[in-house]
Amino acid sequence: DLAGKMSERVADVIKELMRLGIIATAPQTIDADTAELIATTLGHTVKRVQESDVENILISEVDKEEDLKPRAPIVTIMGHVDHGKTSLLDALKSTDLASKEAGGITQHIGAYRVTLEDGRAITFIDTPGHEAFSEMRTRGAKVTDIVVIVVAADDGIKPQTIEAINHARAANVTIIVAINKIDKPNVNLDKIKNDLLTHGLVAEDLGGDTIIVPVSALKKVNLDKLEEAILLVAEMLDLKVNHGGLTAGVVIEARMEKGKGTVATVLVQRGTLRNGDIVVAGTKYGKIKRMNNDKGVEISIAPPTIPVEIYGLNEAPRAGDQFNIVSNEKQARDIVDYRIRLAKEKKIAVVQRSSLEELFLKASGVVGLVKELPIIIKGDVHGSVEAIVSSLQKLPAEEVKIRILHQAVGSIAESDITLAKASNAIILAFNVRANSNALTMADKEQVDIRYYSIIYNLLDDIKLVMSGMLSPII
Ligand code: GDP
């Protein structure tokens, strides 16, 4: 690779390496300093591509207030299986004015946009569920502004409903509840509202600030009310964006298509995407050859929050990868090479299991002056989970605040791992184990699971960590 970059013969590079006392073969990896020395010796000028170089190109500018325009909210739908997420997404699609007027049918591209009669718009992520949501977060993507939790009126709050609530909360996203299937007989809305209360979602009529909208996806009842609620929350969030300046966004989904090459659905989060732009998305790149909107219509510009399919990337990036526009293909290749190299180095580096203390230190985010410990608790029975939670909450929290992202009965599943990864949390397992998929995933993602069978030991560990995390007294 190095020889190729310098247009030198591989043999000459190896010879120079030997002169430095390094016996290397062609596919061997050498460190950056050695590479620089070799290149300079051979009469080349070296420019190291560092993350900072990359960031200089990629990090967004500071926007001026006058450049900011209001933008459409981006919404993800979550909830327990069979409570009607897909049905609701489909029903909401049918309220789009643009598709009604032009006869254009909304395609499944991973996200779609609904425009109301008064011109206001909402962008929906078309892949429901909290696992996809947190999976994207693990790549650093903050896509969603508002989460709609769907609860079936005839079934009430279920384990996955609680998971969804906690995944949304861990991401600090505003929650709206849609109670679905209200067309069914014997629906008791008050009971569901009361149950929501125990999970910290207090309905407005009970004095809280959670908007709850009863709907029927099947009979298309109250879809307008749900949209109104979303737009109301969006207004309160004061969502704004600069249509000019640097362009960046996030990959929603991507695939290879026969005859078309790579097709990636992206959402522009700032700036404006244009046909012909050179895109870097994660470790993939390419020049945009064509853009389609969610109605399958070819477009040449995509402003923020408009989902578009782009054609022309060399390979399919992953959902949640961030993308940026760069000025030429060489720059794109440099960035991608750098990222691939970085990933390789990380993989090669011997991963040493850090001590619990170090792990917490790494995991802790600083919120104001108080450090935070994000924790997920899984236990064998309700009683023990409750006991752990209440004991943890009783620990003095002057400088370190424990943040319990999720607590549940049952073995550790993949969804727990995605949540832990996305939030840098660790998992405390009390008398439960991880299922095998979750275990593989935890290993790959380096999520730490700590097993306990005595509450006292668990608390002791946490106390230790908290004392280790306290800031030194100056
Ligand atoms: P998901 O698993 O959450 O995506 O749920 P689906 O959208 O697949 O819906 C599960 C089942 O509930 C399907 O049989 C739907 O027809 C049904 N369903 C969805 N919404 C409603 C509704 O508003 N009323 C009634 N009666 N059934 C519904």
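Refer to the structure printed above.
Everything numeric here is computed off the predicted structure, so don't read it as measured data.

About the thresholds
- Residues numbered from 1 in each chain as written.
- Predicted model: local features only at pLDDT ≥ 70, side-chain atom pairs only at ≥ 80, totals over all residues.
- Heavy atoms only, no water.
- Helix = DSSP H or I, 4+ residues; strand = E, 2+ residues; numbered from the N terminus.
- Contact = heavy atoms within 4.5 Å.
- Areas by Shrake-Rupley, 256 points an atom, 1.4 Å probe, with all protein chains shown as cover.
- Near = heavy atom within 4 Å.
- Polar contact = N/O pair within 3.5 Å; in protein donor to acceptor, adjacent residues only side chain to side chain.
- Pairing = 2+ DSSP bridges.
- Axes fitted to C-alpha atoms, helices over the stretch in contact; angles between N-to-C directions.
- Salt bridge = Lys/Arg side-chain N within 4 Å of Asp/Glu carboxyl O.
- Buried < 20%, exposed > 50% of the residue type's maximum accessible area, 1.4 Å probe, protein only.
- Parallel < 35°, antiparallel > 145°, perpendicular 65-115°, else oblique.
- Right-handed = clockwise from strand over helix to strand, strands pointing away.
- Arc of directions from axis to C-beta.

Engineer: Looking at this structure, I do not really get the overall build of the protein. What am I missing?
Structural biologist: Each helix and strand in the protein was counted, giving 16 helices and 22 strands. The contacts in the protein between residues at least 6 apart in sequence include a share of 71% that link residues at least 24 apart. Carbon and sulfur atoms make up 52% of the accessible area of the protein, which amounts to about 23,700 Å² in all.

Engineer: Quick question: what am I supposed to make of the site of the ligand here?
Structural biologist: D82, K85, T86, S87 and D183 are the nearest of the 15 residues found near the ligand. Between K181 and the ligand, the recorded distance is 3.0 Å, taken from a side-chain N or O atom to an oxygen atom. Here D183 contributes a side-chain N or O atom positioned 2.7 Å from a nitrogen atom of the ligand. Taking 570 Å² as the accessible area of the ligand by itself, protein coverage stands at 74%. Here the element with the most residues in the shell around the ligand is helix α5 (residues 85–93); it accounts for three residues.

Engineer: Teacher, can you tell me more about the sheet that holds strand β2 (residues 74–79) here?
Structural biologist: Strands pair in a sheet through their backbones, by hydrogen bonds, and they do so in one of two ways: parallel or antiparallel. Overall, mixed pairing links the six strands, which are arranged β3-β4-β2-β5-β6-β7 in an open sheet. Each edge of the sheet is formed by a strand with only one pairing partner; in this case those strands are β3 (111–115) and β7 (212–214). Across the sheet, the mean angle separating the axes of adjacent strands is 30 degrees when strand polarity is ignored. Judged from the seven bridges that link them, strand β5 (residues 146–152) and strand β6 (residues 174–180) form a sheet pairing that is parallel.

Engineer: Just checking my understanding: could you explain the pattern of salt bridges for this structure?
Structural biologist: Any two side chains of opposite charge can pair, given that their charged atoms come close. Counted by the stated rule, this structure contains 25 salt bridges. The salt bridge partner of E257 is K260, with a shortest N-O separation of 3.1 Å. A residue is classified by how much of its surface remains accessible, and K260, at 43% relative accessible area, is partly exposed.

Engineer: Is there a simple way to explain the environment of V336 in this structure?
Structural biologist: With respect to the helices and strands, the residue V336 is situated in helix α11 (residues 329–348). A residue is classified by how much of its surface remains accessible, and V336, at 4% relative accessible area, is buried. Taking the C-alpha atoms as reference, V336 lies 7.4 Å from Y285; in sequence the two are 51 residues apart. Residues contacting V336, with those up to four places away along its chain left out, are V280, G282, T283, K284 and Y285.

Engineer: I keep staring at the packing of helix α8 (residues 159–170) against helix α14 (residues 414–423) and nothing clicks. Help me out?
Structural biologist: Angle between the axes and distance between the axes are the two parameters that describe a pair of packed helices. The interhelical angle for the contact between α8 and α14, taken along N-to-C directions, is 10 degrees, at an axis separation of 10 Å. Comparing the axis directions of α8 and α14 gives the class roughly parallel. Where α8 abuts α14, its residues E163, N166, H167 and A170 lie against S415, T418, L419 and S423.

Engineer: What is the right way to look at the pairing of β5 in this model?
Structural biologist: Side-chain positions along a regular strand alternate between the two faces of the sheet. Counted residue by residue, β5 has seven buried out of seven residues, so it is predominantly covered. Residues I146, V148, V150 and A152 line one face of β5 and the alternating positions V147, I149 and V151 line the opposite face, and both faces are buried. This β-α-β element, β5 to α8 to β6, shows right-handed connectivity.

Engineer: Where do I start with helix α2 (residues 10–19) in this structure?
Structural biologist: Because the α-helix completes a turn every 3.6 residues, residues three or four places apart line up on one side. For α2, every residue scored as buried is listed here: D12, V13, E16 and L17. The buried residues of α2 occupy an angular sector of 140 degrees when projected down its axis, which confines them to one face. Where the residues of α2 are buried, they touch α1 (2–6) and α3 (32–41). Phi turns positive one or two residues past the end of α2, at G21, with a value near 85 degrees.

Engineer: Just checking my understanding: could you explain the side chain of H80 for this structure?
Structural biologist: Mapped onto the secondary structure, H80 falls in the loop between β2 and α5. On the basis of relative accessibility, which here comes to 14%, the residue H80 falls in the buried class. Within the structure, H80 has its side chain in polar contact with the backbone nitrogen of Q160 (distance 3.3 Å). Beyond its immediate sequence surroundings of up to four residues, H80 is in contact with K85, V150, K158, P159, Q160 and T161.

The values reported here are purely geometric and, on their own, carry no functional implication.
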